[in-house]
Amino acid sequence: MLRHIVLVKSDHPEVEKVLNDLPSLIGQVPGLVEVTVAQDHGSMNRGYDRLFILDFDGPDSLAGWDVHPVHTPIRDTLLALAELIVFDIEAGGDLRQSTPGATHGATEV
């Protein structure tokens, strides 16, 4: 599964509407299996206080999202009215790179 994660910085009401409508995309976009929209309640978000996560069943579905007709108005609105940080990751993947003999920050005594 591939996860499309977008951090959003905006207080524009149209951005809020776009985010609230995202869950309705399930069933419209092939391979989109889950949508999460959330707001951060912490103090270290640097203004990126909203995010959404789109989970796709594979790389072809994520690639299809990029050219899907419902994506165009969403992308255009968000790019015009918000600052975005976007990650596309493999869900459940391990970000650590293992090196033989590495201690990953452990200190030997």
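Before any of the text, the structure's been laid out above.
Since this is a predicted model, take the numbers as computed values, not measurements.

Undergrad: Mind laying out the pattern of salt bridges, listing which residues take part and the relevant values?
TA: Pairing between side chains becomes possible if they bear opposite charge and their charged atoms approach one another. In this structure the tally under the stated criterion is five salt bridges. For Asp 55, the salt bridge is made with Arg 3, and the minimal N-O distance between the two is 2.6 Å. Of the two residues, Asp 55 is situated in strand β3 (residues 50–56) and Arg 3 in strand β1 (residues 2–9); the sequence distance between them amounts to 52 residues. Using a relative accessible area of 25% as the deciding quantity, one classes Arg 3 as partly exposed. For Asp 76, the salt bridge goes to Arg 75, with nearest N and O atoms at 3.9 Å. Judged by relative accessible area, which is 29%, Arg 75 ranks as partly exposed.

Undergrad: So, the pairing of β1: which residues are in play, and what are the values?
TA: When a strand is regular, its side chains alternate between the sheet's two faces. Across seven bridges, β1 lies against β3 in antiparallel orientation. Bridge assignment links Leu 7 to a residue of β3, and that residue is Leu 51. Across eight bridges, β1 lies against strand β4 (residues 83–90) in antiparallel orientation. Looking across to β4, one finds that Lys 9 is bridged to Glu 83.

Undergrad: Now, about a nonpolar patch on the surface: what can you tell me, with residues and values included?
TA: Residues Ile 85, Phe 87 and Ile 89 make up a contiguous nonpolar surface patch of about 230 Å² in total accessible area. Judged by relative accessible area, Ile 85 falls into the partly exposed class, the value being 32%.

Undergrad: With reference to specific residues and values, describe the nonpolar core.
TA: By size, the foremost hydrophobic cluster in this structure holds 19 residues, and its most contacted members are Phe 52 and Trp 65. Counting residues per element, the ones that place at least two in this core are β1, α1 (13–21), β2 (32–39), β3, α2 (59–67) and α3 (71–81). Apart from residues no more than four positions distant in its own chain, Phe 52 is found in contact with His 4, Ile 5, Val 6, Val 8, Leu 19, Leu 22, Thr 36, Val 37 and Leu 78.

Undergrad: Lay out unusual backbone geometry with the relevant residues and their values.
TA: You will see that Arg 46, though not glycine, has its phi angle at about 55°, which is positive. Look at Arg 46 and you get exposed, because its relative accessible area is 74%.

Undergrad: Quick rundown of the sheet that holds β3? Include the residues and the values.
TA: Spatially, β2-β3-β1-β4 is the arrangement adopted by the four strands of the open sheet, whose pairing is antiparallel. Each having just a single partner strand, β2 and β4 make up the two edges of the open sheet. In this sheet, adjacent strand axes meet at a mean angle of 15° when their direction is disregarded.

Undergrad: Explain the packing of aromatic side chains to me, using residue names and the numbers behind them.
TA: Tallied over the entire structure, the rule returns one aromatic pair. When the centroid spacing of 6.2 Å and the interplanar angle of 40° are considered together, the rings of Phe 56 and Trp 65 count as tilted. What makes Phe 56 buried here is its relative accessible area of 0%.

Procedures and definitions
- Residues numbered from 1 in each chain as written.
- Predicted model: local features only at pLDDT ≥ 70, side-chain atom pairs only at ≥ 80, totals over all residues.
- Heavy atoms only, no water.
- Salt bridge = Lys/Arg side-chain N within 4 Å of Asp/Glu carboxyl O.
- Helix = DSSP H or I, 4+ residues; strand = E, 2+ residues; numbered from the N terminus.
- Buried < 20%, exposed > 50% of the residue type's maximum accessible area, 1.4 Å probe, protein only.
- Pairing = 2+ DSSP bridges.
- Patch = residues over 30% accessible without salt bridge, like charges linked within 9 Å, V, L, I, M, F, W, Y side chains within 5 Å.
- Areas by Shrake-Rupley, 256 points an atom, 1.4 Å probe, with all protein chains shown as cover.
- Core = buried A, V, L, I, M, F, W, Y, C linked by side-chain atoms within 4.5 Å.
- Contact = heavy atoms within 4.5 Å.
- Axes fitted to C-alpha atoms, helices over the stretch in contact; angles between N-to-C directions.
- Phe/Tyr/Trp six-rings, centres within 6.5 Å; stacked < 30°, edge-to-face > 60°.

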